[in-house]
Amino acid sequence: MKRLITRTAMGLAVTALTVGGLATTAQAAPAAAANNGDPTLTDVYIWATDVNLRQQPTTDSPRLAVRSQWWGDALCQTQGQTVHDPAVGTNNWWTAVMEFSGSDIAWVNNLYIRGGEKIAGVPDC
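Because the structure is predicted, anything quoted here is derived from the model rather than measured.

Undergrad: An account of the overall build of the protein chain is requested, with residue identities and associated values reported.
TA: Secondary structure summary: the protein chain contains 1 helix and 6 strands in total. Start at the N end of the protein chain and walk to the C end: the helices and strands fall as α-β-β-β-β-β-β. Relative to its 125 residues, the protein chain shows a buried fraction of 45%. A fraction of 57% describes how many contacts in the protein chain between residues 6 or more apart in sequence connect residues 24 or more apart. When the accessible surface of the protein chain is split by element, carbon and sulfur atoms take 53% of a total near 6,500 Å².

Dropping the structure here:
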């Protein structure tokens, strides 16, 4: 599963950067956007502002996008690099998210997703 997500993320990231899909910063999506994704996936909410979405679950990985107060579809979550934010805490769980069904996959640390250390309803990768 990890290899499939990694390959898919890499291919989609190149495509997105080529056409500018994830290369720009987006503003907050309306609350209703949570229901516009894939109904088989868990909707997650990035509550913070200027959160980096990464190619892999590490801060050393290329940034694919920056989102603020944004809804996404979560595919799965895994342990990755530990992130420490003095204002929020410490967490090593990361969630693979998509903007909408079939879109690019990016990783966000669970510190910035509503729900805690591990996000309920999101399977492990």
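This is not the end of the story, as more comes after the structure.
Undergrad: Help me get a handle on the packing of aromatic side chains, residues and values and all.
TA: Evaluation of the coordinates by the stated rule reveals 2 aromatic pairs. With centroids separated by 6.4 Å and ring planes inclined at 40 degrees, the aromatic side chains of W47 and Y112 adopt a geometry described as tilted. You can see W47 sitting in the loop between β1 (42–46) and β2 (51–54) and its partner Y112 sitting in the segment after β6 (105–109), a full 65 residues away along the chain. For W47, a relative accessible area of 37% gives the class partly exposed. When its relative accessible area of 16% is taken as the criterion, Y112 is described as buried.

Undergrad: Can you explain the confidence of the model for the protein chain? Please cite residues and give values.
TA: Detailed reading of predicted coordinates is not advised where the pLDDT is low. Mean pLDDT for the protein chain: 77, with 67% of residues reaching 70 or above. Between residues 1–35, whose pLDDT stays under 50, and residues either more than four places distant or in other chains, the model counts 43 contacts.

Undergrad: I'd like a description of the side chain of S61, backed by residues and values.
TA: As for its position among the elements, S61 is in the loop between β2 and β3 (63–67). Of the residues examined, S61 reaches a relative accessible area of 5% and is grouped as buried. Side-chain polar atoms of S61 contact the backbone nitrogen of Q55, separated by 3.3 Å. Non-local contacts of S61, meaning those with residues more than four positions away in its chain, are made with R54, Q55 and Q56.

Undergrad: Before we move on, can you summarise the nonpolar core with the specific residues and values?
TA: With 25 residues, the main nonpolar core has V44, I46, L53 and Y112 as its most contacted residues. Going through the elements one at a time, β1, β2, β3, β4 (70–85), β5 (89–98) and β6 are the ones with two or more residues in this core. Broken down by element, this core gets its largest block of residues, 5 residues, from β4.

About the cut-offs
Residues numbered from 1 in each chain as written. Predicted model: local features only at pLDDT ≥ 70, side-chain atom pairs only at ≥ 80, totals over all residues. Heavy atoms only, no water. Helix = DSSP H or I, 4+ residues; strand = E, 2+ residues; numbered from the N terminus. Buried < 20%, exposed > 50% of the residue type's maximum accessible area, 1.4 Å probe, protein only. Contact = heavy atoms within 4.5 Å. Areas by Shrake-Rupley, 256 points an atom, 1.4 Å probe, with all protein chains shown as cover. Phe/Tyr/Trp six-rings, centres within 6.5 Å; stacked < 30°, edge-to-face > 60°. pLDDT = per-residue confidence, 0-100. Polar contact = N/O pair within 3.5 Å; in protein donor to acceptor, adjacent residues only side chain to side chain. Core = buried A, V, L, I, M, F, W, Y, C linked by side-chain atoms within 4.5 Å.

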